[in-house]
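Spelled out, the chains give:
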Amino acid sequence: MENGKIADRLEHLAALLEFQGANPFRLRAYRQGAEAIRASATAVAAAVESGEDLTAWAGIGDSVAEKCRELVQTGQLQQIQELEQQIPPTVLDLLRVPNLGPKKAAVLFRDLGIENLDQLREACQAQKVRGLKGFGAKTEALLLAGIEIAAQANLRWRINDADQMVHALREHLSACSALQRLEFAGSFRRGKETVGDLDLLVLATDGAAVMDQLAGFAPVAQVIARGGTKLSVRLDNGFQVDLRLVGPKSFGAALQYFTGSQQHNVELRHRAKQRDLKINEWGVFRLGSPAELANDPDLDGWVAGREEADVYAAVGLPWIDPRLRELRDEYAWADRDALPRLIQVSDIRGDLHMHTVASDGENTILEMVAAARERGLDYIAITDHSQRVSVAAGLTPERLLRQWEEIDRLNATLGGEFRILKSIECDILEDGRMDLPDDVLARADWVMASVHFGIKQSREQITARILGAIEHPSVSAISHPTGRLINRRPAYEVDIPAVIEHAAKHRKILELNASPKRLDLDDLHVRMARLAGVPIVISTDSHAVGGFDNLRFGVQQAQRGGLSREHVINTRSWPGIQAWLRGDASQD
Ligand code: DGT
Ligand code: CA
Ligand code: CA
Ligand code: ZN
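Let us look at the structure shown here.

What counts and what doesn't
Residues numbered from 1 in each chain as written. Chains lettered and ligands numbered in written order. Predicted model: local features only at pLDDT ≥ 70, side-chain atom pairs only at ≥ 80, totals over all residues. Heavy atoms only, no water. Core = buried A, V, L, I, M, F, W, Y, C linked by side-chain atoms within 4.5 Å. Buried < 20%, exposed > 50% of the residue type's maximum accessible area, 1.4 Å probe, protein only. Helix = DSSP H or I, 4+ residues; strand = E, 2+ residues; numbered from the N terminus. Domains from an automatic or database assignment. Near = heavy atom within 4 Å. Polar contact = N/O pair within 3.5 Å; in protein donor to acceptor, adjacent residues only side chain to side chain. Areas by Shrake-Rupley, 256 points an atom, 1.4 Å probe, with all protein chains shown as cover. Contact = heavy atoms within 4.5 Å. Donors = N, O, S within 2.8 Å, 3.2 Å for Na, K, Ca; no water. Tetrahedral: all angles 85-135°; square planar, octahedral: opposite > 155°, others 65-115°.

### A look at the nonpolar core
Link 1 in the chain: Counting 88 residues, the largest nonpolar core has Leu198, Ile420, Ile466 and Ile538 as the members making the most contacts within it.
Link 2 in the chain: If one sorts the elements of this core by residue count, helix 10 (residues 159–174) sits on top with six residues.
Link 3 in the chain: Of the residues that make up this core, three or more belong to each of domain 2 (157–245) and domain 4 (345–582).

See below:
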């Protein structure tokens, strides 16, 4: 049994006991034990099996040691099973409601039989709760508001929403003069498309003051837990934020540890062990040294920990970009000293997917041009929808040809300093045909082909439609190839490896749609395309000038797929892209 699993069980036991109104000191013992076990690089299971005395470990007392033995030997805890007989599992959801502690939750369960959030909502609405001892009409209203927060607490947040919260938190915490250093770790730093919670690391002259400052952040709805070095809060949108205070000699080690991913860190610790070192959230230590035994960077045997790069250097590795830390290619690259220079926003020279007022966009071509030039781009493609997308005023051949005449006129006024491309986001119809006649498509500079309809078709059908579009001589790229909408709609059934293979064969491009609602292709598919030599176009699919700001989310996703500049087609000039499509290798 892994340490993380053991820690989870101990925390679960503490939650059940808390609900029962157990002694707070006992709860704290279990929770501290869980924290120590989670942080330890030594496997509890192995220690138990070799008869080691766990109580010698920092943070582990008799009762925790006993539970660990039972867990390792039997795979479960008798006490949890007994408690679960009495307490339905959904009851613990009640504890996530702000202003509802374990004592009150127990009263609701005992007196009204409330077992979950839905029942609590109904009871509050029926005004049954206000009659209970210790509750009133005011509590009832507070609970109703809190239920909505708790109900959202299991959701993962899209990267753009998390990004906004990070900005607001940074600003709020920076106002505290005790703050010396602040980093957001976890999945947010790894640039994942969704984030479960935010993990903040803080170095401060006065830690309590920074914790107070976070607790005073206006959107904070609930303080979940506060200890000497850790504060967990829930915001009114359900989002959880974990703040940890870290010392200066441990800051880099903690940043490395809490950035994860867990699998990436397991490999790093394994490599440390081979060098008789131990890496944990407090630092890099020589095994068996006084510093290691006490997790104290000030004792003899401390090797590194101030900066993240020092931690990697201690095991002979270069610093690895957080976007690559998913245990995919990063160690193989690092070992060959071949970590890629990852694509940057500033490498992007043009945007090849956007909409205007002609279909479902909010801005005119000229407004899009101005916004693109402000951002330093050299060219844009106007890709309004084609006629099939009638709800979005998709363009008929006639309207499209008129738009292209307008683009010719505009280009003439731009004097070659900026280029507007004549394009279209052409639907791949349900029967596989393109939504516009071939002779029209043949006159475009750039054609993106998309599936918007018939998305319930079989894997064979949808895949065949996309492969067909790839074969079409005028199609340049397939946009949002899986059609997924993050948190809203899964991908349609499509064989992406087959699409990638076909794109490679027919010299076509695949899109990484940078809208944080899509981020399609995802990082794994992008990686697959890189391995197959299929170029990616990172485009914003802007429906208004503000959409250009999403470019960074697409670039971040590309970084997670390990892409460098040469893998992304719109890091080239427009003539360079044309040359690639023609198969002419001489042009850049
Ligand atoms: P999330 O919040 O679900 O989007 O994903 P993460 O990766 O931010 O995960 P989180 O917040 O649970 O923990 C942050 C990092 O801390 C994680 O990537 C690695 C480290 N970590 C957390 N719990 C454990 C654990 O039980 N064992 C190990 N080895 N590392 C952990
Ligand atoms: Ca997290
Ligand atoms: Ca966390
Ligand atoms: Zn579009």
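### Things to note about the site of ligand 1
Link 1 in the chain: For ligand 1, the set of nearby residues contains 17 residues, the closest of which are Arg38, Arg156, Ser187, Arg190 and Gly196.
Link 2 in the chain: Within the side chain of Ser187, one N or O atom sits 2.5 Å away from an oxygen atom of ligand 1.
Link 3 in the chain: Relative to its unbound accessible area of 590 Å², ligand 1 is 79% covered by the protein chains.
Link 4 in the chain: Of all the secondary structure elements, the ones that give two or more residues to the shell around ligand 1 are helix 11 (186–189), helix 13 (251–259) and helix 14 (262–274).
Link 5 in the chain: It is helix 13 that contributes the most residues to the shell around ligand 1, three residues altogether.

### Re the side chain of Thr383
Link 1 in the chain: With respect to the helices and strands, Thr383 occurs in the loop between strand 12 (379–382) and helix 19 (397–414).
Link 2 in the chain: Thr383 gets classed as buried once you look at its relative accessible area, which sits at 0%.
Link 3 in the chain: Of the polar contacts made by the side chain of Thr383, one reaches the backbone nitrogen of Met354; its length is 2.8 Å.
Link 4 in the chain: Sequence-distant contacts of Thr383, defined by excluding residues within four places in its chain, comprise Leu352, His353, Met354, His355, Ser423, Ile424, Glu425, Trp446 and Met448.

### Digging into the coordination of the zinc ion (ligand 4)
Link 1 in the chain: Within the first shell, the zinc ion (ligand 4) binds the protein through His353 (NE2), His355 (NE2), Glu425 (OE) and Asp541 (OD), at distances of 2.0 to 2.5 Å.
Link 2 in the chain: Taken together, the four donor atoms surrounding the zinc ion (ligand 4) define angles of 80 to 174 degrees at the centre, an arrangement classified as irregular.
Link 3 in the chain: Site description for the zinc ion (ligand 4): donor spacing in sequence, H-x1-H-x69-E-x115-D. Of the two residues, His353 sits in the loop between strand 11 (350–351) and helix 18 (365–374) while Glu425 sits in strand 13 (residues 419–427), which places them 72 residues apart along the sequence. The same class applies to His353 as to Glu425, namely buried.

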